[in-house]
Amino acid sequence: MALFIQKFGGTSVGSIERIHRIAERIEHTCRDGHQVVAVLSAMSGETDRLLRLAHAVTPHPDDRELAVLLSSGERVAIALLAMTLRSRGVNARSFTGRQVGIVTNSSHTRARIAKIMADPVRKALAEGVLPIVAGFQGVNEQSEVTTLGRGGSDLTAVALAAALKASRCIIFTDVDGVYTADPNVVASARRIPKLSYEAMLELASLGAKVLQARSVEFAAKYGVPVEVQSSFQKGEGTLVTHEDADMERAAVSGVTGDRNQAKITVVGVPDQPGIAANVLGAMAEACIVVDMIIQNVSHQDALTDISFTVPRSDLARAMALVTRTAEVIGAKTVEVKEEIAKVSLVGVGMQSHSGVASRMFRTLAGEAINIMMISTSEIKISCVLDERDCNKAIQALHAEFGLDHAPGQKGMTGRGEGTTS
Ligand code: ASP
Ligand code: MG
């Protein structure tokens with residue numbers, strides 16, 4: 001008998017009919033002699049709907065109240081599934097984050113998990129009760145409701161799997177796994193059967209929405225095997241686990257495109273110590289995540305330009321700060337380009353294959369695509385380019401690195417319901 005955490009995303013609980021289908025799936029696992037703890041997201045679109053309501057009240061809703069509001073979506077889902085299972089004769093019981101004992105810090109809508117008691121869930125399992133746990137929520141030390149950031153139900157599921165020492169954490173979603181590229185962009189994209197935590201983490205951070213990045217980090221830390229599976233059809237998915245021998249070390253596993261960044265350039269900055277610290281320090285203080293940074297070599301007049309990217313959703317805030325700093329440091333102007341995309345190659349095999357970067361640049365040049373910024377890590381190379389060129393770049397790179405027909409271990413991404421519940 002194994003214990004499985006089965007997490008169902010927003011589209012999987014999107015209607016009463018679908019809730020019946022996942023009830024069937026859970027019953028099936030139980031009939032095979034296993035124990036199940038289900039973790040649910042809110043019904044699809046619900047978290048977005050609640051967010052819209054909050055923003056209809058005020059442009060800057062209070063964080064504490066926002067967490068109370070958003071956590072309600074998952075409560076609805078767990079109660080409905082528990083009722084459904086009970087009506088089918090299964091002794092199921094719903095649990096909120098508080099009841100499970102998911103204790104977080106006080107960052108109300110981006111809370112980090114500090115500890116999980118999980119005793120009520122253990123007790124339920126021991127009594128033969130099937131626990132249905134609300135994803136995405138916890139409580140701080142003062143018992144105030146907190147939420148774990150968008151896509152946070154994945155984190156609840158992984159953390160619970162670690163706490164309960166489950167055999168596997170299965171994430172049921174609307175795609176059947178992680179792909180070598182978004183199948184909407186590359187028709188020949190393939191499902192990757194097995195992927196290392198490291199590669200998955202890069203993919204998740206680079207915009208593959210299948211798993212929340214923090215949940216992958218957590219899974220790696222505690223060695224939780226995570227499997228992404230389709231909730232609509234039976235079959236193999238993608239297993240994310242420690243790197244092993246049968247994960248072929250292909251140079252490149254997949255290609256991602258991220259259209260959620262914007263580029264800010266501070267033009268004509270005096271080339272002297274402390275300038276980058278000034279410009280970027282303001283971003284850090286405002287908790288705006290700066291991704292890529294380029295500072296040009298100064299030519300005449302000892303002036304230079306600094307370009308960097310920020311999430312598009314933070315652009316207005318970032319611009320207000322940068323404009324102010326630019327005045328203080330005597331920069332000429334500040335330019336913005338929103339229509340950019342970051343296209344990245346990911347693969348643990350890059351560490352041992354040379355020439356991946358130059359092949360990437362040559363491929364983009366062959367398509368007459370201009371590269372605006374480049375950044376690299378051991379297992380990833382990213383280029384910022386014009387958003388218009390994003391799909392063309394992904395398709396060309398997917399073909400160049402043989403991802404449509406590579407043997408064994410392949411690519412990555414896929415859409416997933418990460419931010420849409
Ligand atoms: N419902 C939350 C969201 O949409 C959490 C989740 O679905 O994982 O972000
Ligand atoms: Mg999700």
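Residues numbered from 1 in each chain as written. Chains lettered and ligands numbered in written order. Predicted model: local features only at pLDDT ≥ 70, side-chain atom pairs only at ≥ 80, totals over all residues. Heavy atoms only, no water.

Regarding the overall build of the protein
Move 1: Counting its secondary structure elements, the protein contains 12 helices and 20 strands.
Move 2: In terms of C-alpha radius of gyration, the protein reaches 23 Å, essentially the compact-globule figure of 22 Å for 421 residues.
Move 3: In terms of overall dimensions, the protein has C-alpha extents of about 80 × 50 × 35 Å along its principal axes.
Move 4: Of all 421 residues assigned to the protein, the portion counted as buried reaches 54%.
Move 5: As displayed, the protein has an accessible area near 18,000 Å², and 51% of this comes from carbon and sulfur atoms.
Move 6: The average position of the 44 basic charges and that of the 46 acidic charges among the side chains of the protein differ by 5 Å. (Helix = DSSP H or I, 4+ residues; strand = E, 2+ residues; numbered from the N terminus. Rg over C-alpha atoms; globule rule 2.2 N^0.38 Å. Buried < 20%, exposed > 50% of the residue type's maximum accessible area, 1.4 Å probe, protein only. Areas by Shrake-Rupley, 256 points an atom, 1.4 Å probe, with all protein chains shown as cover. Lys, Arg positive; Asp, Glu negative; His and termini not counted. Charge placed at Lys NZ, Arg CZ, Asp CG, Glu CD.)

Thoughts on the site of ligand 1
Move 1: The environment of ligand 1 is made up of 10 residues, and the closest members are T47, E74, R150, G151 and S153.
Move 2: Between T47 and ligand 1, the recorded distance is 2.8 Å, taken from a side-chain N or O atom to a nitrogen atom.
Move 3: Residue G152 places a main-chain N or O atom 3.3 Å away from an oxygen atom belonging to ligand 1.
Move 4: Look at ligand 1: alone it shows 260 Å² of surface, and the protein chains cover 99% of it.
Move 5: Across the shell around ligand 1, the residue classes tally to two nonpolar, six polar and two charged. (Near = heavy atom within 4 Å. Polar contact = N/O pair within 3.5 Å; in protein donor to acceptor, adjacent residues only side chain to side chain. Nonpolar A, V, L, I, M, F, W, Y, C, P; charged D, E, K, R; others polar.)

Side note on the sheet that holds strand β20 (residues 380–386)
Move 1: Ordered by their spatial adjacency, four strands build an open sheet running β13-β18-β20-β19, and the pairing between neighbours is antiparallel. Edge positions in the open sheet fall to β13 (254–258) and β19 (371–377), since each of these has one partner strand only. Across the sheet, the mean angle from the axis of one strand to that of its neighbour is 20°, orientation sign disregarded.
Move 2: Taken together, the six bridges between β19 and β20 define a ladder with antiparallel strand orientation. Looking at the pairing, S375 lines up with S382 of β20.
Move 3: Strand contacts of helix α7 (residues 197–205): β13, β18 (340–346), β19 and β20, with the helix running at about 170° to β18, the strand carrying the most contacts. (Pairing = 2+ DSSP bridges. Axes fitted to C-alpha atoms, helices over the stretch in contact; angles between N-to-C directions. Contact = heavy atoms within 4.5 Å.)

Considering the nonpolar core
Move 1: Ranked by size, the top nonpolar core spans 51 residues in total, and within it I5, V37, I116, L160, C169, M200 and V226 carry the most contacts.
Move 2: Ranked by residues supplied to this core, first place goes to helix α6 (residues 153–164) with eight residues.
Move 3: Not counting residues within four places of it along the chain, the set of residues in contact with C169 comprises I5, A157, V158, A161, V224, P225, V226 and E227.
Move 4: Judged by nonpolar contacts, the second largest core, of 25 residues, contains V185, V255, M360 and L364. (Core = buried A, V, L, I, M, F, W, Y, C linked by side-chain atoms within 4.5 Å.)

Concerning the sheet that holds strand β15 (residues 293–295)
Move 1: With antiparallel pairing, four strands are arranged side by side in an open sheet as β15-β16-β14-β17. The two strands at the open ends of the sheet, each matched to only one other strand, are β15 and β17 (333–337). Ignoring strand direction, the axes of neighbouring strands in this sheet form an average angle of 15°.
Move 2: For strand β14 (residues 261–270) and strand β16 (residues 303–311), the ladder comprises eight bridges, and the chain directions are antiparallel. When the sheet's bridge partners are listed, V269 is paired in β16 with T304.
Move 3: Its contacts with the sheet place helix α9 (residues 275–285) against β14, β15 and β16, and it is angled at close to 20° to β16.
Move 4: Helix α10 (residues 315–329) rests against β14, β16 and β17 of the sheet, and its axis sits at about 5° to β14.

With respect to the environment of A220
Move 1: Topologically, A220 is positioned in helix α8 (residues 213–222).
Move 2: Under the relative-accessibility criterion, A220 is labelled partly exposed at 29%.
Move 3: A sequence separation of 19 residues divides A220 from L201, and the C-alpha atoms of the two residues are 9.0 Å apart.
Move 4: Leaving out residues up to four positions away in the same chain, A220 has contacts with Y197 and H242.

Re the pairing of β20
Move 1: Most of β20 sits out of view: seven of its seven residues are buried.
Move 2: Here β18 pairs with β20 via seven bridges, running antiparallel. Residue pairing across strands places K342 opposite V384, the latter belonging to β20.
Move 3: Hairpin connection of β19 to β20: two residues between the antiparallel strands.

Structural notes on unusual backbone geometry
Move 1: Even without a glycine there, the phi angle at A118 is positive, about 65°.
Move 2: One can find A118 in the loop between β5 (113–116) and α5 (119–126).
Move 3: Look at C287: it is not a glycine, yet its phi comes out positive at around 60°.

So, helix α2 (residues 46–57)
Move 1: Given a rise of 1.5 Å per residue, 12 residues ought to cover 16 Å, and the 17 Å separating the end C-alpha atoms of α2 matches this to within 8%.
Move 2: Residues of α2 that are buried: E46, T47, L50 and A54. Buried positions in α2, seen along its axis, are confined to an arc of 100° and lie on one side of it. Away from its buried face, by an angle of more than 90 degrees, α2 presents the exposed residues R52 and A56. (Expected span 1.5 Å × (residues − 1). Arc of directions from axis to C-beta.)

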